[in-house]
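Coordinates in review
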Amino acid sequence: MKKDSKKIAILTSGGDATCMNKVISTFVKYSIDKGYEPYFIYEGYEGLYKNKIKKASLKDVRMIYDRAGTIIKSSRFPEFKDENIRKVAISNLKKNNIDTVFVCGGNGSYIGLLRLTEEGINGIGIPGTIDNDIGSSDYTVGFDSSLNNIVESIKQIRTTMESHNFITVIEIMGRQCPDLTVMAGVATEADYIITKDNILDEKQFTEVVKKLRKSEKESIVILVTELLYGVDGRLSLKEMCNYASSKIGEKIRLNVLSYSQRAGTPTALDLYNATILTAGAIDHFDAGNKNFVSALKNGKLQFIDVDKAIKMKTPSRMEIVNKFVNKNL
Ligand code: F6P
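In this report, the structure presented in the accompanying data block is examined. Think of each chain on its own: its residues are numbered from 1, step by step along the sequence as written. A pLDDT threshold of at least 70 governs which residues receive local features in this predicted model, and a stricter bar of 80 or more applies before side-chain atom pairs are shown or counted, although totals over entire chains, interfaces and linings include all residues. Values shown for side chains rest on all heavy atoms present in the structure; no hydrogens or waters enter the calculation.

**Quick notes on helix α5 (residues 143-164)**
Note on helix geometry: an α-helix contains 3.6 residues per turn, so any two residues three or four positions apart are oriented the same way. Secondary structure elements are defined from DSSP: runs of H or I of at least 4 residues count as helices, runs of E of at least 2 residues count as strands, and each element is numbered from the N terminus. A helix is expected to span 1.5 Å multiplied by its residue count minus one. Counted at 1.5 Å a residue, the expected span for α5 with its 22 residues is 32 Å, and the 32 Å between its end C-alpha atoms agrees. Positive phi shows up at N165, right after α5, with a value of about 60°.

Dropping the structure here:
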């Protein structure tokens, strides 16, 4: 394929993740090395629609690599589903003579990417989200940093729980993906894990807590993936804790880690992988390919067509959960 233009742009989309700045830094530095003119699209797909596009320079990315967040900002923009909105976005790219867009984001962001390719734009995806919810890649940029944050928070909470023999439920991000919860739970020897694959109602939850209390006289830590409760007719997590507390006669403390999970110091693994995934994508594009996502599968850098990538599913983690954490319950 002949390269249409030397101008290539990047946007970050969805929830921010530590190391998105490493992706941005690599994108600018490596693409300039390769003879491209990098551009920033600010505020994700919304910024594309609003024509927030600006030429990037080496100065813009100086020493940003280990800053959490994204210097070009991000957004959730469900309006991008609308064809008329997309038409405006495409005409903005054309006005700027840009026909290639790199998107760093999660699941939803890849759907926007597919839509761009359907409109004739060269679309390239880099997996970037704390959730690790992209089936095409074993690993997403930001996941490891977030996991380490979560592990630190759990260890800190456990200290107090242990001093007082308290029971706590800790809510962990990840949308429908169990990976953060399961890996943090195994790492910190949690007492029980609830994910989308083993949702309990309030009565089952109470039974589990009773059994845990019978065998464990000191602290009890239960990890629950967010967004499972307070939806589909289920009690909220707070209500479920209160329900079980009233049945067992002991307070269950709820800790919601929330946005602290998305920031913090990037891990070396995340910094390294962000670089490999981004530079690899530029190389693959430079070799004449388009409409693909970069991925790490079984430790190897791979490139997968966007339309195939979005259909790939993430694995279940229940075997691990049952083997190491929810055993005997
Ligand atoms: O996608 C990353 C993430 O942190 C999810 O884990 C979480 O559900 C979501 O973003 C929260 O973001 P928002 O506040 O935009 O809903």
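**What about the nonpolar core?**
The set of buried Ala, Val, Leu, Ile, Met, Phe, Trp, Tyr and Cys residues whose side-chain atoms join them within 4.5 Å is what this entry labels a nonpolar core. Think of it in three bands: residues with accessible area under 20% of the maximum for their type are buried, residues over 50% are exposed, and the middle band is partly exposed, with areas taken using a 1.4 Å probe on protein chains only. Within the largest apolar cluster, 51 residues are counted, with the highest numbers of intra-cluster contacts made by F40, F102, I154, I170, I172 and L223. Top contributing element to this core by residue count: α5, with 7 residues. Should any heavy atoms of two residues lie within 4.5 Å, those residues are considered in contact. Each residue touching I172, except ones within four places of it in the same chain, is listed here: I150, I154, L180, T181, L223, V224, T225, E226, L257 and Q261. Within the second largest apolar cluster, 27 residues are counted, among which are A9, Y39, F77 and I98.

**Remarks on the layout of surface pockets**
Here the largest pocket is characterised by a volume of approximately 730 Å³. Around the largest pocket, the lining is made up of 33 residues, and of these G14, R76, G108, S109 and R175 lie nearest the centre. Method remark: on a 1 Å grid restricted to protein atoms, a set of points is classed as a cavity if a 1.4 Å probe fits but cannot get out and as a pocket if it is open with protein on both sides within 12 Å along at least five of seven lines; lining residues have an atom within 4 Å of a point. Grid points are joined across faces, edges and corners, and a volume is the space filled by probe spheres set on the points. Looking at the second largest pocket, its volume works out to about 250 Å³. Around the second largest pocket sit 14 residues that line it, and A190, D191, F324, V325 and K327 are the ones nearest its centre. For the lining of the second largest pocket, the elements supplying multiple residues, two or more each, are α6 (179-187) and α7 (202-215). Broken down by element, the lining of the second largest pocket gets its largest block of residues, 3 residues, from α7. Residues that form the lining of the second largest pocket fall into these classes: 6 nonpolar, 3 polar and 5 charged. Three classes are used: nonpolar for Ala, Val, Leu, Ile, Met, Phe, Trp, Tyr, Cys and Pro, charged for Asp, Glu, Lys and Arg, and polar for all others, with Gly counted as polar.

**Quick look at the pattern of salt bridges**
Here, a salt bridge means any side-chain nitrogen of Lys or Arg that lies within 4 Å of a carboxyl oxygen of Asp or Glu. Evaluation of the coordinates by the stated rule reveals 19 salt bridges. Residues D60 and K54 are paired through a salt bridge, measuring 3.5 Å at the closest nitrogen-oxygen approach. For R317, the salt bridge identified is with D179, shortest N-O distance 2.8 Å. Placement of R317 in the loop between α10 (306-309) and α11 (318-324) and of D179 in helix α6 is noted, with a sequence separation of 138 residues between them. If you follow the salt bridges from partner to partner, you end up with K34, D283 and D286 in one network.

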